[in-house]
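Results of the structural survey
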Amino acid sequence: MPKVFNVTGNCNPKQHYMVDLTSRLEVIKGMIDAGQYITINRARQYGKTTTLMALEEFLADEYYVLNMDFQFEMSSSTFKDENSFACAFAKAFIFLLKNIPVTKEIKNALNELKSEISDSLGLVDLFRQLSEVCKAADKPIVLFIDEVDQASNNQVFLDFLAQLRGAYIRRDKFPTFQSVILAGVHDIRNLQLKIRPDSVHKHNSPWNIANALEIDMSFSPDDIAGMLSEYESDYHTGMDIKTMSELIYDNTSGYPVLVSMFGKILSEQLTKLSDFPSLTSSWTREGFLKAKKLMQEKRMPLFESLINKLETNDRLRNLIYRVLFNGERISFNIYDATINEAVMYGFLKNADGIVSVSNRIFQDTLYEWFLSQELC
């Protein structure tokens, strides 16, 4: 089956055209080797899940890697109280580790953990049993939790983080995970958790032991050129790879799903139009401009997610309006709550100390949306 440009779900190098992640994976492995706990917070469709799945395979020889997805393994009902969460987490943990070839000692420890699953299991008992599993393991255990935002608005999750932190601090005495990676849109280290509906908030979650992953997960022009070179070797379109990669980068700033969306439109959709009857005519500057127009006419989940944030957040909408329409040069201050939120969702970036819209595609899309609101 031929490879394609993927814009939904995680990417697989056997099925999809994608950038070489090796250098990024090596950086993260170095952090894991050093026993660091890590947060990966990026905007939607920015390659978090793809990176974790590639990392799982990259680490497999030296670690037992448990790649847990809170959106898949943990339903909302599992967060209603401590016992529900502890039981659900234990079941997911056992399921994932049993799907990896493990020693008899680990199996015995997992059976002990399984026997503890009951109406009385709490987080303290859960972590004691997890420590026994880590102690029995012949290789260090690394835990990934993807889509951690699923859990970030309740007390049970805060208590879970506190237990992870306690285990981390005491790991010289009690075996625990070599490393834990929490991935999501929000930075769990700076969790602002509303526990009750009476405006009482708790700030600064117990996840302040973690290091934020600082590597650039956007695609550089060279990254994009590598993707296009692989595609070109398959289809021989005669494209100017340097020109096409620069056009894509200049309009997307390397936002992963937007890069892949251009590839998908140019390779699959443009040739259905009479003006671009072949891949040779599609992969040109003229083809790119048509692909950009088609992209901005689509109802993309990413664009819909951005617009939804503007419709429900007056502060965010006003900030974007000031940058787009008033041309204000607003100093970039990551401690400003609204600026931080805009960066987190992918709207804005730091451009030499000044707040700027993240890329031209977002700029054009947001501009058209604001104009449509004024005309209504």
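Residues numbered from 1 in each chain as written. Predicted model: local features only at pLDDT ≥ 70, side-chain atom pairs only at ≥ 80, totals over all residues. Heavy atoms only, no water.

**Re the sheet that holds strand 4 (residues 179–184)**
Reading across the sheet, the five strands line up as 2-3-4-1-7 and stay open at both edges, with parallel pairing between neighbours. Strands at the two margins of the open sheet, each flanked by one partner only, are strand 2 (64–69) and strand 7 (211–212). Relative to strand 4, strand 1 (residues 38–41) runs parallel, the two sharing four bridges. Following the sheet pairing, I38 is matched in strand 4 by I181. (Pairing = 2+ DSSP bridges. Helix = DSSP H or I, 4+ residues; strand = E, 2+ residues; numbered from the N terminus.)

**As for the environment of L97**
By secondary structure assignment, the location of L97 is in helix 4 (residues 82–98). Sequence separation between L97 and L66 is 31 residues; the distance between their C-alpha atoms is 6.6 Å. The contact partners of L97, leaving out residues within four places of it in the chain, are Y64, L66, V102, I106, L110, V133 and I141. (Contact = heavy atoms within 4.5 Å.)

**Some words on the confidence of the model for the protein**
Mean pLDDT over the protein works out to 91, with 94% of the residues at or above the 70 mark. For the protein, strand 5 (residues 192–194) is the element with the lowest average pLDDT, namely 44, and helix 9 (residues 241–252) is the one with the highest, namely 98. Across residues 192–202 the pLDDT falls below 50, and counting only partners more than four positions away or on other chains, this stretch makes 21 contacts in the model. (pLDDT = per-residue confidence, 0-100.)

**Considering unusual backbone geometry**
The phi dihedral of H236 is positive, around 50°, even though this residue is not glycine. Here H236 is to be found in the loop between helix 8 (221–235) and helix 9. We classify H236 as exposed; its relative accessible area is 61%. The residue S253 is not glycine, and still its phi comes out positive at about 55°. Secondary-structure assignment places S253 in the loop between helix 9 and helix 10 (256–269). (Buried < 20%, exposed > 50% of the residue type's maximum accessible area, 1.4 Å probe, protein only.)

**Some words on helix 13 (residues 301–312)**
Between its first and last C-alpha, helix 13 extends 17 Å over twelve residues, near the 16 Å set by a 1.5 Å rise per residue. All of the buried residues in helix 13 are L302, F303, L306, I307 and L310. Across the axial projection of helix 13, the buried residues extend over an arc of 130°, all falling on one side. Exposed and oriented more than 90 degrees from the buried face of helix 13 are P301 and T312. (Expected span 1.5 Å × (residues − 1). Arc of directions from axis to C-beta.)

**So, the packing of helix 4 against helix 6 (residues 123–136)**
Direction vectors running N to C along helix 4 and helix 6 enclose 15°, while the axes themselves pass 9 Å from each other. By the angle between their directions, the pair helix 4 and helix 6 is classed as roughly parallel. Crossing geometry of helix 4 relative to helix 6 is assigned as left-handed. On helix 6, the residues touching E82, F85, A86, F89, A90, F93 and L97 of helix 4 are L123, V124, L126, L130 and V133. Here the contact of helix 4 with helix 6 is built from residues that sort into eleven nonpolar, no polar and one charged. (Axes fitted to C-alpha atoms, helices over the stretch in contact; angles between N-to-C directions. Parallel < 35°, antiparallel > 145°, perpendicular 65-115°, else oblique. Left-handed = near helix turned anticlockwise from the far one by under 90°. Nonpolar A, V, L, I, M, F, W, Y, C, P; charged D, E, K, R; others polar.)

**Brief notes about the packing of helix 13 against helix 14 (residues 314–324)**
Put simply, helix 13 and helix 14 touch, their axes get as near as 5 Å, and they point 110° apart. It follows that helix 13 is roughly perpendicular to helix 14 by the angle criterion. Contacts from K309, L310, E311 and T312 of helix 13 reach helix 14 at D314, L316, R317 and I320. Considering only residue class, the contact of helix 13 with helix 14 consists of three nonpolar, one polar and four charged.

**Some details on the packing of aromatic side chains**
As enumerated under the stated definition, the model contains 27 aromatic pairs in all. Judged by centre distance (6.2 Å) and plane angle (85°), the rings of F70 and F85 are edge-to-face. Of the two residues, F70 sits in helix 3 (residues 70–73) while F85 sits in helix 4, which places them 15 residues apart along the sequence. A residue is classified by how much of its surface remains accessible, and F85, at 0% relative accessible area, is buried. With a centroid separation of 5.8 Å and 50° between ring planes, the pair formed by F127 and F160 is classed as tilted. Here F127, found in helix 6, pairs with F160, found in helix 7 (residues 155–169); they are 33 residues apart in sequence, far enough to count as distant. For F160, a relative accessible area of 0% puts it in the buried group. One aromatic cluster is present, formed by F70, F79, F85, F89, F93, F127, F157, F160 and F177 through successive ring pairs. Over the aromatic face of Y64 sits the side chain of K139, whose NZ or CZ is 4.8 Å from the ring centroid. Positioned above the aromatic ring of Y345 is the side chain of K309, whose terminal nitrogen or guanidinium carbon lies 4.7 Å from the ring centre. (Phe/Tyr/Trp six-rings, centres within 6.5 Å; stacked < 30°, edge-to-face > 60°. Lys NZ or Arg CZ within 6 Å of the ring centre and 35° of its normal.)

**Concerning the side chain of D146**
Mapped onto the elements, D146 comes out in strand 3 (residues 141–146). No salt bridge is formed by the buried D146. Its closest oppositely charged neighbour is K48, at 6.3 Å. Once you skip the residues sitting within four places of it in the chain, D146 turns out to touch T49, L52, M68, D69, F70 and A183. (Lys, Arg positive; Asp, Glu negative; His and termini not counted. Salt bridge = Lys/Arg side-chain N within 4 Å of Asp/Glu carboxyl O.)

**Considerations on the environment of G166**
Counting through the fold element by element, G166 comes out in helix 7. For the pair G166 and F127, spaced 39 residues apart in the sequence, the C-alpha separation amounts to 9.7 Å.

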